[in-house]
Amino acid sequence: MARVIAGDLPVRFRYTPGVGATAFFEALRDRGVLLGSRCTSCEMTYLPARLFCERCFAELGADTECGPGGTLESFTVAHQGIDAEPLPEPITWATVKLDGADTVMVHRLLDTTAPEIGMRVRAVVRERRTASIADLEGFASE
Amino acid sequence: MAKRVAVIGAGMTRFVRRAQETGKELSWIAASAALQNAGIGLDRIDAVCMGTAPDAFDGVHRKGDYLADGSGAFGKPYIRTYVGGGTGVFVPIQGYYTIASGMADVVLVVAEEKMSSCQPHPQGAFLTIFDNIIERPLGPNLLWIFALEMRRYMEAYGLDKRDIAAVAVKNKRNAAGHPSALLGQADITIEDVLNSEVLADPVQRLDVSPISDGAVALVLASEDVASSLTDAPVWIQGVGWNLDTTYWTNRDLAYPQYVENAARMAYDMAGVTEPRKQIHVAEPYDPFDYKELHHLEGLLLFDKGKAPEAAAAGVTQRDGDLPCCPSGGLLGVGNPIAAAGLMKVAELFWQLRGEAGARQVPGTPERGVAQAWGDLMQVGTVVVMGTEGGPATTATRESQPPPSPRATPLSDTQFREAPGAVDDVLDATYRWDAGEAMGAFLEGMSEGRIMATVCERCARTLVPPRMFCERCFRPTDRWTQVPDTGSVQTFSICHVRWDMVPLDPPEIPAVIRLDDTSEGGFLHKLGEVAPGDVRIGMEVEAVWKDASERQGSILDIAYFRPRGGGS
Amino acid sequence: MPQAFRGITLRMEPRVGIVGAGWSGFAPTSEGISYKELMFEAASAAYADAGLDPRTQIDSFVCSSEDFEEGTSIFDEYVPDQLGAVQRPVQTVASDGLFALATGVMLIRSGLARRVTVESHSKASEVVSHGRVERMALDPVLNRPLGMPAAAVAGLEMRRFLHVSGWSQGDCAAVATRNRDHARDNPRASYADLVDGSPTFEPLTADQTAESADGCVVLVLAAEEVAGDGAVWVDGIGWSQDAPSLESRDWDRAAAAMRAAEAAYARASLAPSAVDLAEVDDTFAFKQLQHLDALGLQALDPARVNRSGGALGEGYLHEANGLARALAAVEHLRRGDGATAVVQSWRGVPSSSAAVAVLRTGAA
């Protein structure tokens, strides 16, 4: 008979956002804006802000406001949660390219009636903010 | 013939207790500094080699993937290799064969560790490195294994703790001149070490290197292109690595045979036949002070048991006959695991180029060795580097000195109140199958019997049992019951829990060698004995839990006590 | 032979061959067998196949694993004994097994070894919830707080892929049907029967998602001078990393697989049109199509792709998936079912790397 040992990896973590994302979160919390980083040599704007360009290694500042409008790049209707458990209500996740950014952000799509790739959406910023990715409620059609 | 490979640049962050930067950002700081030192841009890099220790430090699954952008791997060949604590000295070996195999001409080698993410104490990650079935239930603390090994080493050669403490003093003093150092201390004394808090006897607080955040990077180039990039290459002359059996409780911990094996591989390749004459500077791995000595012996630089008296006599000082850890080592610069190992290779590069500044060893060293160690006292990694026929004195054509090392320390308050910080837990659970061998062993435990397997070919009786003989590589032949008596191979008196909370009374972990086995035994605890009465070689017997309480677990033995009853 | 690729001098000497292959498991569970015993069984089979004694004839050992999938930190501690690797050079790559194969090739070509063992395994049945492990691979600050399963990335990728590529939902469904059909002749396949087609992460469905399986694959590599005539040669190998973050990666194509294939083809001096068969990653049905696009194998007869049944048929062996594909290709080539095979792997969500190998039989 197989003997099975139940176990875990009982490790906890506290992650601080680092130099780049701290600027992003502070701007989101304090001003409700989405701050990105422009790499002039790669002609590319990263959102959220970053300390460095992953393509050329230039040091970047948090210097470029993006959005709140944007374009829906993709979406998926999730019927499962993290444990593959069925969800009571499906959740729609989306990738959105915010205006001025060359990268996407992943978040919820809030109004799910017949989304289409390429449609215009906007970032919905919460009234009460704590410096978190959850300060965005998600994306809604424009 | 494989291509020759040179180091042409090195860079590192500051080592800090808790960095504001993410692991990606630390990697980028170190990699950028190395590129600047080599005088080239990221566009010259053909491939990236990453080394970083357990995901349980940074708290990111597939940490290598996560760190890829910070280490310059976008759109490039990228592999993360892993040999536990030996990783930092292994990753330049990965760089070596990536180039020597013809897969790339210029390679970025990066090692990173961000241990401060791990809460409440990075030692928590080490709870998860032990055997999931027969060790983790005992609640092992990382200090245990160092204390068990240190005591065995001291006992085997009759060593004086004072001689060992000289290493901590030397390295923390050496680090006082290092711009990246976390714990350099110019005025530390042997008394400070000997009077520091006893954590897990014989290990005291100042015997131990501090956990840290940090990253280090090197640029490696093939001989074809090195000459166009630098006038002062430092050649990788030899590489070696070696992994011993997982069954660490079956080994004599007094000597790191695996380090010797790795060193012999590297020396053979480098043409080093008399290491004591041909090695001019050494960076042995020093997470604990005794480890530097243990490793110097494994590196064949001192006779077995003779490194401590040499250290006490000043031979390994920066101005001694064989300077060891002129960087300040892990004890002084800090110990962000993989990054600390690679720091040793970076130090050799700077020393051999004569660019080590205040840390420069006297004379003109032409060859050095760096070494790291890891896993369950099990792996050795060794790199031999040299300038090959004369000092390299000129700076690189485009190169700049390494920039002042960056990394922003966060105070406790800043860490607690950091905007955007996220608390999370790894809430995965597992159902490990004990398998045939351990399944039968646990069945035996529930019946009050210790079961072993036997390999008839090499005539060994194996505990913990396995269905294969690792020496002969063949299935084992039969089961046998072994006595529940044995002798103490080594032990520690441990005064702290894994998270450094004091324990009173202390607990006494020990490696028990069971009677009638071949090197067989396991980790357990001693009871019914005063801490001061425990001795290596003491005969002990298992104290079983009542049959009704046994569950088929290593804990079915409550503890071992002196044979014939406790004191 | 090409002399240069993106400025890199290409060196093909010595040629590296696969001279032994062994496997164990390949089932939804492996009850009563520990991972060590699973590895010992596969390694014993590989060494018997190669006719080699690991204790004296293998110079170096390369494993692939990830700690959180094993439930043990510094898992490389636990590998040497059951591979015959005690007190030998052993390393672990934290990646898919095809990256371990690439490492083995480099060890031989650099002269550090003449024979190398490459191992990769899955004990996926021991992980209670893979979603909780995969979640930890998302950015801890930017992504994880959303509570999105990592598997949702596959749904996002699939929708985008269908939008930009011209492939259809029906094409993806056909891949799932065909691979499971291929699996019927494969003794390693556990999932030849289609599961339900209910949506998981739309447009993805359950039957287009490979189910986890346990198993171990061990390959033995050798330099040409000691390999013998029957070897399956690793004539090309390439691997690459795209941006790891969800924000800046290429969502329109398998960018890493394209770059890896470019390098592997250049090293093998091979045009995609000369490929006889392919074993590519099909962790999700659409991935097979996306990967064939990346490898320039759109025109390859579908009957020549994943003849093993792929991961959809055999089961998803996590980090061992690449070696499972390589093992299938080795078997096809040994049977004379073609002379040139391409093998490709991807590490599953949310990863963005890939490795590609070109395998050949016969003289150079």
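Residues numbered from 1 in each chain as written. Chains lettered and ligands numbered in written order. Predicted model: local features only at pLDDT ≥ 70, side-chain atom pairs only at ≥ 80, totals over all residues.

1. Considering the overall build of chain C
And step 1. Assigned secondary structure in chain C consists of 12 helices and 12 strands.
And step 2. Radius of gyration (C-alpha) of chain C: 19 Å, near the 21 Å computed for a compact globule of 364 residues.
And step 3. Each of the three principal axes of chain C carries a C-alpha extent, and together these read 50 × 45 × 40 Å.
And step 4. The buried share of chain C, taken over its 364 residues, is 71%.
And step 5. Within chain C, counting contacts between residues at least 6 apart in sequence, those at least 24 apart form 77% of the total. (Helix = DSSP H or I, 4+ residues; strand = E, 2+ residues; numbered from the N terminus. Rg over C-alpha atoms; globule rule 2.2 N^0.38 Å. Buried ≥ 20, exposed ≤ 12 C-beta atoms within 10 Å, placed from the backbone. Contact = placed C-beta atoms within 7 Å.)

2. Looking at the confidence of the model for chain C
Residue and element names in this part refer to chain C.
And step 1. Of the residues in chain C, 96% reach a pLDDT of 70 or more, and the chain-wide mean stands at 95.
And step 2. Counted against residues more than four places away or in other chains, residues 1-9, with its pLDDT under 50, gives 19 contacts.
And step 3. The ipTM, which scores confidence in the relative placement of chains, is 0.98 for this predicted complex, and the corresponding pTM is 0.97. (pLDDT = per-residue confidence, 0-100.)

3. Observations regarding the interface of chain A and chain B
And step 1. Between chain A and chain B, the residue contacts involve 31 residues of the former and 41 residues of the latter.
And step 2. If you list the elements that add at least two residues to the side of chain A that touches chain B, you get strand S1 (4-8), strand S2 (12-15) and helix H1 (18-31) of chain A.
And step 3. It is H1(A) that provides the largest number of residues to the side of chain A that touches chain B, a total of 8 residues.
And step 4. Here the side of chain A that touches chain B is built from residues that sort into 17 nonpolar, 6 polar and 8 charged.
And step 5. Bridging between S1(A) and strand S14 (residues 429-433) of chain B involves 5 bridges; their strand directions are antiparallel. Each bridged residue has a counterpart across the sheet, and for A:Gly7 the counterpart in S14(B) is B:Tyr430. (Nonpolar A, V, L, I, M, F, W, Y, C, P; charged D, E, K, R; others polar. Pairing = 2+ DSSP bridges.)

4. Some remarks on unusual backbone geometry
It is generally the case that most residues other than glycine have a negative phi and that most peptide bonds are trans.
And step 1. In the segment running from A:Gly67 into A:Pro68, the intervening peptide bond is cis, with an omega of 5°.
And step 2. Relative to the assigned elements, A:Pro68 resides in the loop between strand S5 (64-66) and strand S6 (69-80).
And step 3. Of note, the bond from C:Val349 into C:Pro350 is cis; its omega dihedral lies within 30 degrees of zero at -5°.
And step 4. Tracing the chain through its elements places C:Pro350 in the loop between strand S11 (340-345) and strand S12 (353-360).
And step 5. The backbone phi angle of B:Glu528 is positive, close to 55°, even though this residue is not glycine.
And step 6. Examined against the element boundaries, B:Glu528 turns out to sit in the loop between strand S24 (521-525) and strand S25 (539-544).

5. Let's talk about the sheet that holds strand S4 (residues 44-46) of chain A
All names here are of chain A.
And step 1. Taken together, 3 strands build an open sheet; the order of strands is S4-S3-S5 and the sheet is antiparallel. Since the sheet does not close on itself, it has two edges, and those belong to S4 and S5, each with one partner. The average angle at which neighbouring strand axes cross in this sheet is 45°, direction not considered.
And step 2. Two strands pair when backbone bridges link them, and strand S3 (residues 34-39) and S4 are joined in this way by 3 bridges, in the antiparallel orientation. Bridge pairing in S4 places cysteine 39 opposite methionine 44. (Axes fitted to C-alpha atoms, helices over the stretch in contact; angles between N-to-C directions.)

6. Thoughts on the interface of chain B and chain C
And step 1. On the side of chain C, 68 residues touch chain B, which itself brings 76 residues to the contact.
And step 2. Here the side of chain B that touches chain C is composed, by residue class, of 36 nonpolar, 21 polar and 19 charged.
And step 3. Relative to strand S5 (residues 90-93) of chain C, strand S3 (residues 78-82) of chain B runs antiparallel, the two sharing 2 bridges. Its bridge partner lying in S5(C), B:Thr81 is registered against C:Val93.

7. Details of the packing of helix H4 (residues 97-109) of chain C against helix H12 (residues 321-334) of chain C
Residues and elements named next belong to chain C.
And step 1. Orientation of H4 relative to H12, taken along the N-to-C sense of each, is 70°, at an axis distance of 5 Å. Relative to H12, the element H4 lies roughly perpendicular. Where H4 approaches H12, its residues Gly97, Leu98 and Leu101 are matched on the opposing element by Gly322, Leu323 and Ala326.
And step 2. The residue makeup of the contact of H4 with H12, split by class, is 4 nonpolar, 2 polar and no charged. (Parallel < 35°, antiparallel > 145°, perpendicular 65-115°, else oblique.)

8. With respect to helix H6 (residues 142-157) of chain B
Residues and elements named next belong to chain B.
And step 1. Taking 1.5 Å of rise per residue, 16 residues should cover 22 Å, and H6 covers 24 Å from first to last C-alpha, within 8% of that figure.
And step 2. Taking burial as the measure, the 16 residues of H6 include 12 buried ones, the bulk of the element.
And step 3. The set of residues buried in H6 consists of Leu143, Trp144, Ile145, Phe146, Ala147, Leu148, Glu149, Met150, Arg151, Arg152, Tyr153 and Met154.
And step 4. Buried residues in H6 make contact with strand S6 (198-201), strand S7 (203-204), helix H12 (289-298), strand S20 (485-491), strand S21 (493-496) and strand S23 (509-514).
And step 5. Looking one or two places after H6, you find glycine 158, whose phi comes out positive at around 60°. (Expected span 1.5 Å × (residues − 1).)

9. Details of the environment of C:Ser24
Residues and elements named next belong to chain C.
And step 1. Its location among the elements puts serine 24 in strand S3 (residues 16-27).
And step 2. For the pair serine 24 and alanine 354, spaced 330 residues apart in sequence, the C-alpha separation works out to 25 Å.
And step 3. Setting aside residues up to four positions removed in sequence, serine 24 forms contacts with Leu38, Glu41, Ala42, Gly215 and Cys216.

10. Examining the sheet that holds strand S19 (residues 478-482) of chain B
Strand pairing within a sheet occurs via backbone hydrogen bonds; the two strands may be parallel or antiparallel.
Residues and elements named next belong to chain B.
And step 1. With respect to topology, 3 strands assemble into an open sheet ordered S16-S15-S19, the strand pairing being antiparallel. Whereas interior strands pair on both sides, the edge strands pair on one side only; in this sheet they are strand S16 (460-462) and S19. With direction set aside, neighbouring strand axes in the sheet form an average angle of 40°.
And step 2. Packing of helix H17 (residues 435-446) onto the sheet brings it into contact with strand S15 (450-455) and S19, and relative to S15 it is tilted by some 145°.

11. Quick notes on the environment of B:Phe74
And step 1. Structurally, B:Phe74 is set in the loop between helix H3 (63-66) and S3.
And step 2. Under the C-beta neighbour-count criterion, B:Phe74 is labelled buried, with 25 such atoms within 10 Å.
And step 3. Taking the C-alpha atoms as reference points, B:Phe74 and B:Arg205, 131 residues apart in sequence, are found 42 Å from one another.
And step 4. Excluding anything up to four places from it in sequence, B:Phe74 contacts A:Glu54, A:Arg55, B:Asp69 and C:Ala243.

12. Section: H12(C)
Residues and elements named next belong to chain C.
And step 1. The end-to-end C-alpha distance of H12 is 20 Å, a good match for the 20 Å that 14 residues give at a rise of 1.5 Å each.
And step 2. Of all the 14 residues making up H12, 12 are buried; the element is thus mostly covered by neighbouring parts of the structure.
And step 3. What H12 keeps buried is the set Asn321, Gly322, Leu323, Ala324, Arg325, Ala326, Leu327, Ala328, Ala329, Val330, His332 and Leu333.
And step 4. In the segment just after H12, glycine 336 is the residue with positive phi, at about 80°.

13. Structural notes on the nonpolar core
And step 1. Of all hydrophobic cores here, the largest spans 391 residues; its most connected members are C:Leu219 and C:Ala357.
And step 2. Residues within four places of C:Leu219 in sequence aside, it is in contact with C:Ile18, C:Gly20, C:Ala21, C:Ala46, C:Leu101, C:Val118, C:Leu323 and C:Ala326. (Core = buried A, V, L, I, M, F, W, Y, C linked by C-beta atoms within 7 Å.)

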